[in-house]
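Notes for the structure review
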Amino acid sequence: MNDETKQKINKRYERELDKGERFWPDTIFRDLIMSLGIFLLLILLASFVGIPVEPKADPSDTSYIPRPEWYFLFLFKFLALYGQLPLIGKIEWLATVLVPGVAIGILTLLPFIEKSPNRYYSKRILPISIMTIMVTGIVMLTLMSEVPTVAEDGSTLLGTLQTIVGIFIPVIAYVLFAFFKSNTRLMIWTTSLAALSMIIISGTVLALAPEKKAEETEVATTLVDQIFAGQDLYSIHCTECHGDDGSIAVIQGVEGLEGEKITPINSRDVLYTITDSAMAEVIAYGRPSSGMTPFGKTYGGELSKSEIDYIVVFMRYMWDDRFEVPQEALKPLFPPLAAGEVPSYDVHIQPIVKRYCISCHRAGKENNNYLMTTYEEILTTGDQAANNVIAGDEGSYLLQVIQEHAIMNPEKPGEELIGVMPPNRALKPNVVDVFFRWVMNGMPRTAVEAGALSTTPAATPTP
Amino acid sequence: MWNTIYNWLDERLGFNELYTNLLDRPEPKTTWWNTLGSASMFLFIMQGLTGIFLTVYYTPSPDHAYDSIQYIMEGVAFGWLIRGIHHWGATLMVILVFVHMLRVFFTASFKFPRELTWLIGIGLFLTTLGMGFTGYLLPWNQKAYWATTVGTQIAGTVPFLGEFILKALRGGPELSALTLQRFFSAHIWIIPALLAGLMGVHLYLIIKHGESHFPTKED
């Protein structure tokens, strides 16, 4: 750039300044309004949208689908699409290093690449076209980042369409630019058509995309929630051997561990000498020497890091006398029943079953195929499905066994068909009463159904 | 009394010169598109302030990071608001800086005499992304952990140097306590220092050359 052009540019700017404004108060006023607006927007976002709750990092959870920050999603998508290309798709660094590297390089050196002093839009049609396609691609790839490239039924249609948007159209457009760059009208047509087709195809992809399953990750954020979560997990995974209050010293009724002597885990010996992290490790690794299997996902168990932490929190606050349980965490398992009131599955049976039964009555355990994880399962599964739960029948096997009456095998006298339940200790009378009233009144599912069957006016007292 | 203090300060600081040099400058006609840069700076300051508050409670170790953030959200008065602003501010800042860059590109404001301003601006854009990348790991939740795992993996595909870059970023072959520690250090010391320095130069250049005018057919 010669001095003459520089002078011309400076003169031109002087003229703009003459008919312009003052920084103070004109320009800065608008800046301040903008900043204030952003500040308000931030407060609104923080208050009403908030931050999604995520479970704690768990390096062992290989089922987690890793995704980068949202503003890198387009790059991630680009890599996925690129990886499907034949031949060059295998050379990973072309897409991870070369393409972004060149893009950033060009962007950085832009003032030294686009050296002409022309600033008006129509005189810069080539760079503007290139950037338009680039930005359209970035936005579209970001929008499509959730859509899989290969559908569950194996169809690659969506993947192909995405590749057309993310790779083919931009490449074709860029090649055409090389031929058309001196013809403004053709450039505008090419850019508009390319950008438009990218938007339309992306829209099609998004419309055809399989509906995203809402992933439900329950994360206990408050101490009380953590204690509850820990209690539920403890009931499912630990009660079989340790009992519902951790007091068991000799295991009974567990196949393969019958008569095994263990330390009661609610004792001071355990709680005072083992730190939280050591306790979490015992749960994760197990105690192979005394028959305890590993529970951490890393070692083949079912529990994530967060879940193990919840169990530890539960044990501490419930059994360790140095910790004070928050009052809210002591609320009863189910609201007490008034005379004549009928319990429902949702309000009464479900929490009880979760605490006392699911530990064994779930898939993968020895339970005569009787599963109790849902309402339907309780009514319909099991080898004795026909006799387990019969509306209005005191002889229902379920009611019999929880009242400590084992069911005898009619074909082989003297042999138990179903033992008493739970095997280790009897349920408290009020819990048995809930089951009794529930079965005798026809197993209502919701509180409303139960309320209709109740003979008391205050059918569902608020807890 | 106030006059005495004012005069004393004025003799030493020179309010008049500050006023004429910084505030009472001529500018070409500007629009809302010209506010994106100052808005980005405002967000940087907000991120700095809220970030300082967060470090009061945050612990950069795998054992405590997650819990300390949970404590900020549940236990600290207005902790949720501070973290919410920091969280959304990061997202908005990336968007604003990017749109600011696009505006400068489309109006060709990077041309003479503002080439250096553009160069520094790219540096600001990259450091902003760096802030986002390092900050994302700090909550030490599933999303953060795995995002950083992929992110560093991608950096590891660089030919020849990949392995070294990967290990330098992670502080070892795997994501660990060291990774969290160095991301934290980068997030609160290294990158912000770089960003603030670049921003100072960027601002000086803008004041020196003034904002560019929107191009017309003449340009």
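Quick look at the overall build of chain B now. In terms of regular secondary structure, chain B is built from 9 helices and 1 strand. Secondary structure elements of chain B occur, N-terminal to C-terminal, as α-α-β-α-α-α-α-α-α-α. For a compact globule of 219 residues, the expected C-alpha radius of gyration is about 17 Å, and chain B comes in at 21 Å, more than 25% above that figure. If you line up chain B on its principal axes, its C-alpha atoms span 55 × 55 × 30 Å. In chain B, which comprises 219 residues, the share counted as buried stands at 50%. For chain B, contacts bridging at least 24 residues in sequence account for 68% of all contacts bridging at least 6. For chain B, the computed accessible surface area is about 10,700 Å², with 71% contributed by carbon and sulfur atoms. Distance from the positive charge centre (13 side chains) to the negative charge centre (14 side chains) of chain B: 6 Å.

When helices and strands are counted, chain A shows 19 helices and 3 strands. Radius of gyration (C-alpha) of chain A: 34 Å, far over the 23 Å computed for a compact globule of 463 residues. Each of the three principal axes of chain A carries a C-alpha extent, and together these read 110 × 55 × 50 Å. Of the contacts formed within chain A by residues at least 6 apart in sequence, a portion of 59% connects residues at least 24 apart. Accessible surface, chain A: about 25,500 Å² in total, of which carbon and sulfur atoms supply 61%. Put simply, chain A has 37 plus and 53 minus side-chain charges, and the middle of one group is 16 Å from the middle of the other.

Let's shift gears to the domain arrangement of chain A. All names here are of chain A. For chain A, the assigned domains read domain 1 (1–51), domain 2 (64–211), domain 3 (223–330) and domain 4 (345–453). Relative placement of domain 3 and domain 4: their C-alpha centres are 25 Å apart. Tallying the contact residues gives 14 residues for domain 3 and 11 residues for domain 4. Approximately 1,200 Å² of surface area, both sides summed, lies buried where domain 3 meets domain 4, with 39% of it carried by carbon and sulfur atoms. Three residues stand out in domain 3 for area buried against domain 4, namely Ile236, Glu240 and Asp244, and they jointly supply 41% of the buried area on that side. Remark: the boundary between domain 3 and domain 4 carries 1 salt bridge. Salt-bridge contacts for Arg362 lead to Glu302; the nearest nitrogen and oxygen are separated by 3.3 Å. Taken together, the connections running from domain 3 to domain 4 amount to 1 residue pair in polar contact (both at pLDDT 80 or more). Elements with a minimum of two residues in the side of domain 3 that touches domain 4: helix H9 (223–237) and helix H10 (239–242). Of all the elements, H9 adds the most residues to the side of domain 3 that touches domain 4, at 5 residues.

Considering every residue of chain A, the mean pLDDT works out to 86; 96% of them sit at 70 or more. Summarising per-element confidence for chain A, the mean pLDDT is lowest in strand E3 (residues 416–418) of chain A (80) and highest in helix H6 (residues 125–143) of chain A (95).

Residue and element names in this part refer to chain A. Tracing the sequence through the fold places Glu377 in helix H15 (residues 375–380). Lacking a salt bridge, the buried Glu377 has Arg362 as its closest oppositely charged neighbour, with an N-O distance of 10 Å. Excluding its chain neighbours within four sequence positions, the residues that come into contact with Glu377 are Tyr370, Leu371 and Met372.

A separate point is the environment of A:Val99. Residue and element names in this part refer to chain A. Along the chain, Val99 turns up in helix H4 (residues 92–108). A relative accessible area of 42% places Val99 in the partly exposed class. When the C-alpha positions of Val99 and Val312 are compared, they lie 49 Å apart, and in sequence the two are 213 residues distant. The residues contacting Val99, other than those within four sequence positions of it, are Phe78 and Leu94.

Let us now look at the interface of chain B and chain A. On the chain A side, the residues contacting the 84 residues of chain B number 80 residues. Interface area for chain B against chain A, summed over the two sides, is near 7,800 Å², with a carbon-plus-sulfur share of 67%. For the chain B face of the interface with chain A, the top three residues by lost area are B:Trp88, B:Phe112 and B:Gln142, together amounting to 9%. On the surface where chain B and chain A come into contact, there are 5 salt bridges. The shortest N-O distance in the salt bridge between A:Glu114 and B:Lys111 comes to 2.7 Å. Linking chain B with chain A are 34 residue pairs in polar contact (both at pLDDT 80 or more), by the criterion used here.

As a further point, take H9(A). With 15 residues, H9(A) extends 21 Å from end C-alpha to end C-alpha; this agrees with the ideal 21 Å at 1.5 Å per step. Every buried residue belonging to H9(A) is among A:Val224, A:Gln226, A:Ile227, A:Ala229, A:Gly230, A:Gln231, A:Leu233, A:Tyr234, A:Ser235, A:Ile236 and A:His237, and all of these are buried. The elements touched by buried residues of H9(A) are H10, helix H13 (305–319) and helix H14 (345–356) of chain A together with helix H4 (65–74) of chain B.

Moving on: the pattern of salt bridges. Applying the stated rule across the entire model yields 20 salt bridges over all chains. Between A:Arg316 and A:Asp320 there is a salt bridge, with the nearest N and O atoms lying 3.0 Å from each other. Taking the relative accessible area as the measure of exposure, A:Asp320 reaches 2% and is therefore buried. One continuous salt-bridge network, built from bridges that share partners, spans A:Arg12, A:Arg15, A:Glu16, A:Lys19, B:Glu218 and B:Asp219.

Backbone torsion omega between A:Trp24 and A:Pro25 reads 10°, so that peptide bond is classified as cis. In this model, B:Phe112 is joined to B:Pro113 through a cis peptide bond whose omega is 5°. Mapped onto the elements of the fold, B:Pro113 is located in the loop between helix H5 (79–106) and helix H6 (115–137). Of note, A:Glu404 is a non-glycine position whose phi angle comes to about 70°, a positive value. Along the chain, the position of A:Glu404 falls in the loop between helix H17 (397–402) and strand E2 (407–408).

All names here are of chain A. When you line up the elements, Ser359 lands in the loop between H14 and H15. Residue Ser359 is classed as buried on the basis of its relative accessible area of 2%. Ser359 sits 288 residues away from Tyr71 along the chain, and the two C-alpha atoms are 43 Å apart. Once residues lying within four places of it in the same chain are set aside, the contact partners of Ser359 are Ser235, Ile236, Thr239, Glu240 and Lys365.

Rules used throughout
Residues numbered from 1 in each chain as written. Chains lettered and ligands numbered in written order. Predicted model: local features only at pLDDT ≥ 70, side-chain atom pairs only at ≥ 80, totals over all residues. Heavy atoms only, no water. Helix = DSSP H or I, 4+ residues; strand = E, 2+ residues; numbered from the N terminus. Rg over C-alpha atoms; globule rule 2.2 N^0.38 Å. Buried < 20%, exposed > 50% of the residue type's maximum accessible area, 1.4 Å probe, protein only. Contact = heavy atoms within 4.5 Å. Areas by Shrake-Rupley, 256 points an atom, 1.4 Å probe, with all protein chains shown as cover. Lys, Arg positive; Asp, Glu negative; His and termini not counted. Charge placed at Lys NZ, Arg CZ, Asp CG, Glu CD. Domains from an automatic or database assignment. Buried area = accessible area lost by both parts, 1.4 Å probe. Salt bridge = Lys/Arg side-chain N within 4 Å of Asp/Glu carboxyl O. Polar contact = N/O pair within 3.5 Å; in protein donor to acceptor, adjacent residues only side chain to side chain. pLDDT = per-residue confidence, 0-100. Expected span 1.5 Å × (residues − 1).

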